[in-house]
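# Descriptive structure summary
What follows is each chain in one-letter form.
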Amino acid sequence: SQTKKIIKFRNVENINTDMFRSDLSNTLSSISSDQSSFEQKIMRYNNEVLEILDKHAPEYSKMIRDEPDSKWFDSAYKAARSRRRKAEKTWKKTQTDNDRYY
């Protein structure tokens, strides 16, 4: 029987870094001039950074199947598969017989 679980993720690759940096800078300036205690500043910083992150890279949830690892899918198989994929990528770039028969 398959169990399902919910994963959360953000698409941080598409963040407009200039706008993100500007928002962070404004927040840091505002917090540093605040007269509250250190602990309050840390709490405010954490909350505001999360708000900025939500603005620029909203959090998404996705339901996935949570399957146990297969016994045959061990580290040796994983390493061999990685080498095969690397060799295939090299061959696709070069298209030479040398790289084709790894």
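As a reminder, the structure under discussion sits directly above these lines.
In what follows, the accompanying structure is described. All figures in this text were calculated on a predicted structure; none of them were measured in a lab.

### Overview of the overall build of the chain
Along the backbone of the chain there are four helices and two strands. Going residue by residue from the N terminus, the α and β elements of the chain occur as β-α-α-β-α-α. Radius of gyration (C-alpha) of the chain: 23 Å, far over the 13 Å computed for a compact globule of 102 residues. Principal axes of the C-alpha set define a box for the chain whose edges measure 65 × 45 × 20 Å. Looking at the chain as a whole, 9% of its 102 residues qualify as buried. For the chain, the exposed area adds up to about 9100 Å²; of that, 50% sits on carbon and sulfur atoms. Of the charged side chains in the chain, 21 are positive and 16 negative, and the gap between their average positions amounts to 8 Å.

### So, the pattern of salt bridges
This model, assessed by the stated rule, comprises seven salt bridges. Residue Arg 21 is joined to Asp 18 by a salt bridge in which the shortest nitrogen-to-oxygen separation is 3.5 Å. Placement of the pair is Arg 21 and Asp 18 together in helix H1 (residues 17-32), with a separation of three residues, close to one helical turn. On the basis of relative accessible area, Asp 18 is assigned to the exposed category, the value being 54%. Its salt-bridge partner being Asp 34, residue Arg 44 comes within 3.0 Å of it at the nearest N-O pair.

### Side note on a positive patch on the surface
Together, Arg 84, Arg 85, Lys 89 and Lys 93 line one region of the surface with positive charge. Within the fold, Lys 93 resides in helix H3 (residues 75-94). With a relative accessible area of 74%, Lys 93 lands in the exposed category.

Analysis parameters
Residues numbered from 1 in each chain as written. Predicted model: local features only at pLDDT ≥ 70, side-chain atom pairs only at ≥ 80, totals over all residues. Heavy atoms only, no water. Helix = DSSP H or I, 4+ residues; strand = E, 2+ residues; numbered from the N terminus. Rg over C-alpha atoms; globule rule 2.2 N^0.38 Å. Buried < 20%, exposed > 50% of the residue type's maximum accessible area, 1.4 Å probe, protein only. Areas by Shrake-Rupley, 256 points an atom, 1.4 Å probe, with all protein chains shown as cover. Lys, Arg positive; Asp, Glu negative; His and termini not counted. Charge placed at Lys NZ, Arg CZ, Asp CG, Glu CD. Salt bridge = Lys/Arg side-chain N within 4 Å of Asp/Glu carboxyl O. Patch = residues over 30% accessible without salt bridge, like charges linked within 9 Å, V, L, I, M, F, W, Y side chains within 5 Å.

Note that all results are geometric; they support no functional claim without further evidence.
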